[in-house]
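Here is what each chain is made of, one letter per residue.
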Amino acid sequence: MTYEQSLNYIHSLNKFGINPGLDRIEALCAAVGNPQDKLKFVHIAGTNGKGSTSTMVARALQASGKKTGLFTSPFVTDFRERICVNSEMVDKSLFAAVVTELEPVVSQLAEKNMQPTEFEVITAAAFMIFERSGCDICVLEVGLGGRLDSTNVIPTPLVSVIASISLDHTAILGDTVELIAAEKCGIIKDGGKTVCYPFQTESVEDIIRKTCALKNNTFTKADIDAVSDIVNGIDGVSFKYRGAEYNLSMSGEYQVYNAVTAIETCVLLGIDDVSIKHGVESASVAARMEVISSSPLVLLDGGHNDDGGKAVATSISTLLAGKRITAVIGMMADKNVDAYLSCVAPLCSKIVACSVADNPRTMSADELCKLASAYCDNCSAVERAEDAVNIALAEIDDYDCLIVCGSLYLAGEVRMKLIKYFSANP
């Protein structure tokens, strides 16, 4: 297969949807020599902050001299963002070669009524790529949940990390944070080490602690009392932790708490202080309150659940207080759309609702506009995201800031268009 053919093949597996369970990934990995058993891992689960935390840890490992694999999801603009080695996206030819090897194995399993899903095939491909690339340590972000996620086929990791937990994917993981926490704690394996995000609810932290005790894991929680001197700005946030100063390139106070979770993980991995500082400071993740343009101010954010909405609202309230905000919002219908809008929409002077192209889960622009109108008097519906962004850009002089938000899929659809627009119109 060429790279394009391998990518089309991967996307063709999307029709098999989400099907939690480890039988298929175990069979798939066994057929290609169980590459995951030859690798070392940091395994990261959680509802929010997984991508940022994973990237910070990976960058610190790389700075310390370790050849580092990073597996994340979803991607924003390029599929290969999901599989990186030393911060570089996987080579197209290597990706194509691995997928070509996997295709007949997938077909054989399908004949046995064990059809692997798209995510399972991508996970197996990542393991093969990391092994062939000679990675010393791989940072592995859970796709969905933890216990039955295909990434959980790995042996006991060097460190398990439980990032911020809140309600999301309730139809699959459970409708309480406690049930969701139990699923995510499924990545905690016997005899390991676990790091916990500092702001879990009491009941969630209790579940994490009990799971660690049951699995004979050491438990480490980032110390919120050791955080001081937080200064948040549009272009990043600075803070001190245990006396050391850090300057993040990502905005939002919540990134401070992702960072201290990453720092504690790095300490357990034995990474030196200089490499840790470089790792957390150099990390950047697309579509996390990303500044696309400073003048005019244009921000892109892919947060899509309750906590994602709260994070965007906090950034608007603290960094853009009193400003006229126009927002282009697109969301998936299976998210808690009203909870998100109740946080963000009241802070906007104008909202242009849109749908997300080629995604069957998208909420229609009309329906989203109707929901948003309960919180903002000036709402309109434009079906195509690109048209919605163009309308907002045409009126940008009337507002202090444009925020495109509500979905990583929306961010992926418009990010490069926005970057090219402002490159051509500085």
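One can find the structure itself at the top, above this paragraph.
Residues numbered from 1 in each chain as written. Predicted model: local features only at pLDDT ≥ 70, side-chain atom pairs only at ≥ 80, totals over all residues. Heavy atoms only, no water.

Focus on the sheet that holds strand β16 (residues 379–381)
Two strands in a sheet stick together by hydrogen bonds in their backbones, pointing the same way (parallel) or opposite ways (antiparallel). What counts is decided by this rule: For two strands to count as paired, DSSP must find a minimum of two bridges between them. Each helix corresponds to a stretch of at least 4 residues labelled H or I by DSSP, and each strand to a stretch of at least 2 residues labelled E; elements are numbered beginning at the N terminus. Only the stretch in contact is used when fitting a helix axis, every axis being a line fitted to C-alpha atoms; angles between N-to-C directions are given from 0 to 180 degrees.
The strand order across the open sheet built from six strands is β12-β13-β17-β14-β15-β16, with neighbouring strands paired in mixed fashion. Two strands lie at the open edges of the sheet, namely β12 (290–294) and β16, each paired on one side alone. Each adjacent strand pair in this sheet contributes to an overall mean axis angle of 15°, direction not counted. Pairing geometry for strand β14 (residues 325–329) and strand β15 (residues 350–353), over four bridges, is parallel. Paired with Ala 327 across the two strands is Ile 351, which belongs to β15.

Regarding the packing of aromatic side chains
Quick note on the threshold: Put simply, two rings from Phe, Tyr or Trp (the six-membered ring, in Trp's case) pair if the centres are within 6.5 Å, and we call them stacked under 30 degrees between planes, edge-to-face over 60, tilted for the rest.
Scanning all chains against the criterion turns up eight aromatic pairs. Between the aromatic rings of Phe 41 and Phe 127, the centroid separation amounts to 5.7 Å while the plane-to-plane angle is 70°, which identifies the pairing as edge-to-face. Of this pair, Phe 41 sits in strand β1 (residues 41–45) while Phe 127 sits in helix α5 (residues 118–132), and the two are 86 residues apart along the sequence. Ring centres of Phe 71 and Phe 119 lie 5.8 Å apart, and the angle between their planes is 45°; this geometry places the pair in the tilted category. Here Phe 71 is found in strand β2 (residues 68–71), whereas its partner Phe 119 is found in helix α5, with 48 residues between them in sequence.

Things to note about the pattern of salt bridges
Our working rule: A side-chain nitrogen of Lys or Arg and a carboxyl oxygen of Asp or Glu constitute a salt bridge if their distance falls within 4 Å. For each residue, the accessible area found with a 1.4 Å probe, counting protein chains only, is set against the maximum for its type, and the residue is called buried under 20%, exposed over 50%, and partly exposed in between.
In this structure the tally under the stated criterion is 18 salt bridges. The partner of Glu 205 in a salt bridge is Lys 221, and the shortest N-O contact between them spans 3.0 Å. Placement of Glu 205 in helix α8 (residues 202–214) and of Lys 221 in strand β8 (residues 218–221) is noted, with a sequence separation of 16 residues between them. The buried category is assigned to Glu 205, whose relative accessible area is 11%. Sharing partners across several salt bridges, the network here consists of Glu 205, Arg 209 and Lys 221.

Considerations on helix α12 (residues 337–344)
Defined as follows: Contacts are assigned to residue pairs that have any heavy atoms within 4.5 Å of one another.
With six of eight residues buried, α12 is to be regarded as a mostly interior element. Among the residues of α12, those classed as buried are Val 337, Ala 339, Tyr 340, Leu 341, Cys 343 and Val 344. In the core, the buried residues of α12 are packed alongside α11 (306–319), β14, α13 (365–372) and β17 (401–405).

Overview of the side chain of Ser 150
Note on placement: Ser 150 falls in the loop between β5 (137–141) and β6 (159–162). In this view, Ser 150 contacts Leu 22, Ile 25, Phe 119, Glu 120 and Thr 123; residues no more than four positions away in its chain are not counted.

Some words on the sheet that holds β6
What the eight strands build is an open sheet, ordered β4-β3-β2-β5-β1-β6-β7-β8; its pairing is mixed. Of all the strands in the sheet, the pair left with one neighbour each is β4 (88–89) and β8. Pairing of β2 with β5 involves four bridges; the strand directions are parallel. Residue pairing across strands places Phe 71 opposite Leu 140, the latter belonging to β5.

Coordinates in, geometry out; function isn't part of it.
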